Amino acid sequence: MTPAGMRPADPVRWPGAATSAASFTFDVDAESAVLSADPGTALRPSVLSHQAYGPLTGLPRLLRILARHGVRATFFVPGFTAHRHPDAVRAIADGGHEIAHHGYLHETLIGPSGPVDERAEADILDRGLDALAEVAGVRPDGYRAPMWELTHASPRLLAERGFLYDTSLMDADVPYELDAGGGASLVEIPVHWGLDDWEQYCFIPGVSGTGLIESPAKAAGMWRDEFEALRAEGGCFVLTAHPFLSGRPGRAAALEGLIEHVASCPDVWLAPLGDIARHVRSLALSPRRLPPPPTSGHRSDDDRKGSR
């Protein structure tokens, strides 16, 4: 039987005449992603330059595109990126965009030996918060786990720090309230790998990817198909892009075409994730749960409750 509290997400009423929602989001990983994956990349200038392209060249191009179309986006910034590229991060804020939390050194919370302990996860959250406050003067409302890998402790740790929303889980087409324990909840805004440019474009020898790099036309076409399907379902389209990938000229041009199309749809509410999360919170939805499965071959208490 389904564990108690684990159920499909409720439909969401969107503001005004909108029947669906959309958001363009960018993970400004820069060097943090490769340094976290392999500290040895600190000795590889070519790899570092591949990542630095994001804040140095790709990000300014993407900010110009967003400004041309009057679109506000959400940028997830690791604390390390804020410290290494403070001018780039301030440019995001100056453009009127939302800055959200993405770890400190893009730390993956799930490793070969299992999840990091709660104290280590809390320290990462606090270090990232301190960096964003120091560099950009912001206290973020939102969080995206590096590699979209939460732990079962993450919702509670985020709620304790006053976060409004997370965008790391993949079990719905619309946002919902995620039970964070102790009577608290987070707005969860779902994502998935098909709407991530990393899977389409990223190849870093010895670090990530197979060497297959897709064409911008193919990637943008796939994303447009997903947008139209979610639009028809009354869902929430969330694209995740990286300035070191989608900031390259041909890819940025294809992305601009998609942004222009989404922005032209009168029935779609195009907004930063923070605005979407505040709207969902105003609906007072009943929280859902994502309980861990039993690991010992026996049913958990949630399983037994759900079968009654």
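As recorded by an unreviewed UniProt entry, the chain carries the name Polysaccharide deacetylase and is attributed to Actinomadura decatromicini.

### A closer look at the nonpolar core
Phe24, Phe26, Phe75, Val77 and Phe237 are the most contacted members of the largest nonpolar core, which totals 47 residues. Here the element with the most residues in this core is helix H2 (residues 45–68); it accounts for seven residues. Listed in part, the 22 residues of the second largest apolar core include Ala100, Trp148, Val191 and Leu285.

### As for the pairing of strand S8 (residues 176–181)
Alignment of S8 against strand S9 (residues 184–188), held across five bridges, turns out to be antiparallel. By the bridge assignment for S9, Asp179 is matched with Ser185. As consecutive antiparallel partners, S8 and S9 are separated by two residues, and within that stretch Gly182 has a phi angle of approximately 65°, a positive value.

### A look at a nonpolar patch on the surface
Taken together, the side chains of Met147, Met170 and Trp193 define a hydrophobic patch exposed on the protein surface, amounting to about 260 Å² of accessible area. For Met170, the location among the structural elements is in the loop between strand S7 (165–166) and S8.

### So, the UniProt feature "domain: NodB homology" (unreviewed entry) in the chain
Those residues carrying the UniProt feature "domain: NodB homology" (unreviewed entry) are residues 45–271 in this numbering. Strand forms 16% of residues 45–271 and helix 47%; the C-alpha atoms that close the span are 37 Å apart.

### Some thoughts on unusual backbone geometry
In this structure, Met147 is a non-glycine residue whose phi angle is positive, near 60°. Note on placement: Met147 falls in the loop between strand S6 (142–143) and helix H6 (154–160). The exposure class of Met147 is partly exposed, given its relative accessible area of 36%. The phi dihedral of Trp148 falls on the positive side, at around 55°, and the residue is not glycine. When you line up the elements, Trp148 lands in the loop between S6 and H6.

### Observations concerning the side chain of Asp196
Looking at where Asp196 falls in the secondary structure, it is placed in the loop between S9 and helix H7 (198–201). Of the side chains with opposite charge, Arg144 lies nearest to the buried Asp196, which makes no salt bridge, at 7.3 Å. Not counting chain neighbours up to four residues away, the residues in contact with Asp196 comprise Trp148, Trp223, Thr240 and His242.

### Let's talk about the packing of helix H8 (residues 216–233) against helix H10 (residues 249–263)
Packing of H8 against H10 brings their axes to within 9 Å, and their N-to-C directions diverge by 20°. The angle between H8 and H10 falls in the class roughly parallel. Between H8 and H10 the crossing geometry is right-handed. Between H8 and H10, the residues in contact are Pro216, Ala220, Trp223, Arg224, Phe227 and Glu228 and Gly250, Arg251, Ala254, Leu258, His261 and Val262, respectively. Looking at the contact of H8 with H10, its residues break down into seven nonpolar, two polar and three charged.

Rules behind the numbers
Residues numbered from 1 in each chain as written. Predicted model: local features only at pLDDT ≥ 70, side-chain atom pairs only at ≥ 80, totals over all residues. Heavy atoms only, no water. Core = buried A, V, L, I, M, F, W, Y, C linked by side-chain atoms within 4.5 Å. Buried < 20%, exposed > 50% of the residue type's maximum accessible area, 1.4 Å probe, protein only. Helix = DSSP H or I, 4+ residues; strand = E, 2+ residues; numbered from the N terminus. Pairing = 2+ DSSP bridges. Patch = residues over 30% accessible without salt bridge, like charges linked within 9 Å, V, L, I, M, F, W, Y side chains within 5 Å. Areas by Shrake-Rupley, 256 points an atom, 1.4 Å probe, with all protein chains shown as cover. Salt bridge = Lys/Arg side-chain N within 4 Å of Asp/Glu carboxyl O. UniProt positions renumbered as here; feature names shortened; annotations may be inferred. Lys, Arg positive; Asp, Glu negative; His and termini not counted. Contact = heavy atoms within 4.5 Å. Axes fitted to C-alpha atoms, helices over the stretch in contact; angles between N-to-C directions. Parallel < 35°, antiparallel > 145°, perpendicular 65-115°, else oblique. Left-handed = near helix turned anticlockwise from the far one by under 90°. Nonpolar A, V, L, I, M, F, W, Y, C, P; charged D, E, K, R; others polar.

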